[in-house]
Amino acid sequence: MEEKMKGQLFIKVHENDNVAIAVSELKADTKLTDDVTTLENIPQGHKIALKNFEAGDAIIRYNVTLGYALQNIKKGSWINEHMLQLPVPPSLDEMKYGINIVNNLPKAPIRTFEGYKNPNGGFAGTRNILGISTTVQCVSGVLNVAIKKMKEHLLPKYPNVDDIVPINHAYGCGVAINAPDAVIPIRSLKNIAKHPNFGGELMVVALGCEKLTVEMLIDKADIKPENVIILQELAGFNAMIDKLMEMAESKLKKLNERKRETLPLSDLLIGMQCGGSDAFSGVTANPSAGYATDMLVEAGATVMFSEVTEVRDGVYILAERCKTEEVFKKLVSEMKWYDNYLEKGQVDRSANPTPGNKKGGLSNIVEKAMGSIAKSGSSPIVEVLSPGETPTKKGLIFAATPASDIVCGPSQLASGIGLQVFMTGRGTPYGLAISPVIKVSSRNNIKNLWSDLIDINAGTIATGESTIQEVGTELFNLIIDVASGRAKPWAEQYELHNDLCFFNPAPIT
């Protein structure tokens, strides 16, 4: 995949693969090789049989068994999701760790960026934002009205502040607050309140009767009148708005003093995520992101990738890249926890692929997982995090979050990412208010259709106009420019902000 593929009608990833995908829609009777001619129309991105299959034969892509043929399939036929039986997932108790540690990573062309030093220590900020945390959804209506007024009357007075963002969420009351799994949403909300882009300024809005108390959300030393507003203690709506405006202005004055400075890339934390994936994601967009990941790690940066169900079928590949036994054991523990979580809901990992994934050529979760893992590059994995945990190491990190875009994103924000890179094959206008999101498309079609939503097009790899290294380097450079405030991705320019859906596996009462 490192060479240009100009003029190719199909893409075969590995020499052992017995299927390939169509670069563009192929008509019946199209000759692909001396001994393979299409027997029917093959949609773009979908699999073509490169041999005759009997029922039960392994169907192989990425040198991995995607599943087993449910029927006889003739060479040159279209293989779709209805023709495969899902294989048994890899055993978590028979994996080896640390046997594929790659230290010879591509050299980064840049080793610094212009960021905001974190007054709390840790990773730097890429934006200068007033973040307003909430303890419960009940306060969101009042806060949203206040923020509209803040943006109209206060924000223009403080030009060095980029935005004012509410941390609205559906948690806080009507929940089993002491249930074991409640630690996940509580930890996520507590960590996001101290996000690096908030410049160390805390502002919390509570109602007063909720289960998620202020004491559970922020440290005891931070619970003081200049940081916390309790609406039930104020005399009506106008008093609430006035108090919120007053506190916000005091925070904006401090944030306005923040300045960017040249910092090493070791101060930068980047999140990698993919959504609306297709069969090209694993050969264009995600490998390009993986190449950028390797350059970032080589330069000292920390990169986080996630999505448990989208690595579960390739978890043995990640295990081989775990740098220590401790990291390996945490990986196994998180996978077992999620297996059990799905089992309690009476589903398994086969529930993951969407209709759009399948329309884009992904037959099942195994095929999706192989492409998803590619965004992690080849760097050693130095740490595994539970959802919403913050890193303690620098390098490549796996954060064990759900795969859902709108849940994975907030989980990565809680871990402190200053910027996210989002790969898509089908297209999505997804964005985050707290951190900028760079959008990478897997196909030319999506870039052509959404020229003002896609920041980088990796589809040129499939058509032979670019290589993975070229697009990966382009992405690396854009990451540095966006982190430094020199560039804004489309989602940030349009203020496309998805709701913050924090992962809550605990019961709702």
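Just above sits the structure.
Fair warning: this is a prediction, and the values are worked out from it, not measured in the lab.

Novice: Would you mind going over the overall build of the protein in detail, with residue names and values included?
Specialist: If you tally the helices and strands in the protein, you get 14 helices and 22 strands. A compact globule built from 509 residues should have a C-alpha radius of gyration of about 23 Å, and the protein, at 24 Å, falls within 12% of that. In terms of overall dimensions, the protein has a C-alpha envelope of 80 × 45 × 40 Å along the principal axes. Across the 509 residues in the protein, those meeting the buried criterion constitute 58%. If you take every contact in the protein between residues at least 6 apart in sequence, the share linking residues at least 24 apart comes to 72%. Here the protein displays about 20200 Å² of accessible surface, and carbon together with sulfur accounts for 49% of that area. Each charge class in the protein was averaged separately, 52 positive and 58 negative side chains, and the resulting centres sit 2 Å apart.

Novice: How would you sum up the packing of helix H1 (residues 140-153) against helix H4 (residues 237-255)? Please name residues and give values.
Specialist: The N-to-C vectors of H1 and H4 enclose an angle of 50°; their axes lie 10 Å apart at closest approach. Relative to H4, the element H1 is oriented oblique. Seen along the crossing, H1 lies across H4 with a hand that is right-handed. Of the residues in H4, those in contact with Val 142, Leu 143, Val 145, Ala 146, Lys 149, Met 150 and His 153 of H1 are Phe 237, Met 240, Ile 241, Leu 244, Met 245 and Ala 248.

Novice: Lay out the packing of helix H5 (residues 285-298) against helix H13 (residues 468-483) in plain terms, naming residues and giving numbers.
Specialist: Between H5 and H13, the least distance of the axes is 8 Å, while the angle of their chain directions is 60°. When the axes of H5 and H13 are compared, the pair comes out oblique. The handedness of the crossing between H5 and H13 comes out as right-handed. For the pair formed by H5 and H13, the contact residues are Pro 287, Ser 288, Ala 289, Tyr 291, Ala 292, Met 295 and Leu 296 on the first element and Ile 468, Gln 469, Val 471, Gly 472, Thr 473, Leu 475, Phe 476, Ile 479 and Ile 480 on the second. Considering only residue class, the contact of H5 with H13 consists of 12 nonpolar, 4 polar and no charged.

Novice: Go over the sheet that holds strand E6 (residues 58-61) with me, naming the residues and quoting the values.
Specialist: One open sheet accounts for 3 strands, arranged E6-E7-E9; its pairing is antiparallel. Sheet topology places E6 and strand E9 (84-85) at the edges, where each strand pairs with a single neighbour. As paired strands, E6 and strand E7 (residues 64-69) are joined by 4 bridges and run antiparallel to one another. In the strand pairing of E7, Ile 60 is matched with Thr 65. Lying over the sheet, helix H9 (residues 365-373) contacts E6 and E7, oriented at roughly 165° with respect to E7.

Novice: Outline unusual backbone geometry, listing residues and values.
Specialist: Its identity as a non-glycine residue notwithstanding, Asp 29 has a phi of 70°, on the positive side. Relative to the helices and strands, Asp 29 resides in the loop between strand E2 (19-22) and strand E3 (31-33). We classify Asp 29 as exposed; its relative accessible area is 66%. Although it is not a glycine, Glu 495 sits at a positive phi angle of roughly 55°. Position of Glu 495 among the secondary structure elements: in the segment after helix H14 (490-493). The class for Glu 495 is exposed, based on a relative accessible area of 51%.

Novice: Give me the lowdown on the sheet that holds strand E11 (residues 129-134), citing residues and values where you can.
Specialist: Whether parallel or antiparallel, the strands of a sheet pair through hydrogen bonds between backbone atoms. If you trace the 4 strands from one edge of the open sheet to the other, you get E12-E11-E13-E14, paired in parallel fashion. The two strands at the open ends of the sheet, each matched to only one other strand, are strand E12 (163-167) and strand E14 (228-230). Taking the axes of each pair of neighbouring strands and ignoring which way they run, one obtains an average angle of 20° across the sheet. Across 2 bridges, E11 lies against strand E13 (residues 204-206) in parallel orientation. By the bridge assignment for E13, Thr 134 is matched with Val 205. Where H1 meets the sheet, its contacts fall on E11, E12 and E13, and the angle it forms with E12 comes to roughly 175°.

Novice: Tell me about the environment of Ser 442, and please be specific about residues and values.
Specialist: The topology assignment puts Ser 442 in the loop between strand E21 (437-441) and helix H11 (444-449). For the pair Ser 442 and Ile 461, spaced 19 residues apart in sequence, the C-alpha to C-alpha distance is 8.7 Å.

Novice: Provide a residue-level description of the state of the cysteines, including the pertinent values.
Specialist: Scanning the entire structure with this criterion turns up 0 disulfides. Of all cysteine sulfurs in the structure, the one in Cys 209 sits closest to Cys 173, which takes part in no disulfide; the separation is 6.1 Å. Among the residues examined, Cys 173 registers a relative accessible area of 34% and is labelled partly exposed. Among the residues examined, Cys 209 registers a relative accessible area of 52% and is labelled exposed.

Novice: Could you give an account of the side chain of Glu 249, naming the residues involved and the relevant values?
Specialist: Of note, Glu 249 is situated in helix H4. Within the structure, Glu 249 has its side chain in polar contact with the side chain of Tyr 158 (distance 2.7 Å). In contact with Glu 249, not counting residues within four places along its chain, are Leu 154, Lys 157 and Tyr 158.

Novice: Go over the packing of aromatic side chains with me, naming the residues and quoting the values.
Specialist: Counted by the stated rule, this structure contains 10 aromatic pairs. Relative to Phe 503, the ring of Trp 337 has its centre 6.2 Å away and its plane inclined at 85°; by these criteria the two rings are edge-to-face. With Trp 337 in helix H7 (residues 325-344) and Phe 503 in the segment after H14, this residue pair connects regions lying 166 residues apart in the sequence. For Trp 337, a relative accessible area of 27% corresponds to the partly exposed category. By relative accessible area, which is 6% here, Phe 503 ends up buried. What links up through ring pairs into an aromatic cluster is the set Trp 337, Tyr 338, Tyr 341 and Phe 503.

Conventions and cut-offs
Residues numbered from 1 in each chain as written. Predicted model: local features only at pLDDT ≥ 70, side-chain atom pairs only at ≥ 80, totals over all residues. Heavy atoms only, no water. Helix = DSSP H or I, 4+ residues; strand = E, 2+ residues; numbered from the N terminus. Rg over C-alpha atoms; globule rule 2.2 N^0.38 Å. Buried < 20%, exposed > 50% of the residue type's maximum accessible area, 1.4 Å probe, protein only. Contact = heavy atoms within 4.5 Å. Areas by Shrake-Rupley, 256 points an atom, 1.4 Å probe, with all protein chains shown as cover. Lys, Arg positive; Asp, Glu negative; His and termini not counted. Charge placed at Lys NZ, Arg CZ, Asp CG, Glu CD. Axes fitted to C-alpha atoms, helices over the stretch in contact; angles between N-to-C directions. Parallel < 35°, antiparallel > 145°, perpendicular 65-115°, else oblique. Left-handed = near helix turned anticlockwise from the far one by under 90°. Nonpolar A, V, L, I, M, F, W, Y, C, P; charged D, E, K, R; others polar. Pairing = 2+ DSSP bridges. Disulfide = S-S within 2.5 Å. Polar contact = N/O pair within 3.5 Å; in protein donor to acceptor, adjacent residues only side chain to side chain. Phe/Tyr/Trp six-rings, centres within 6.5 Å; stacked < 30°, edge-to-face > 60°.

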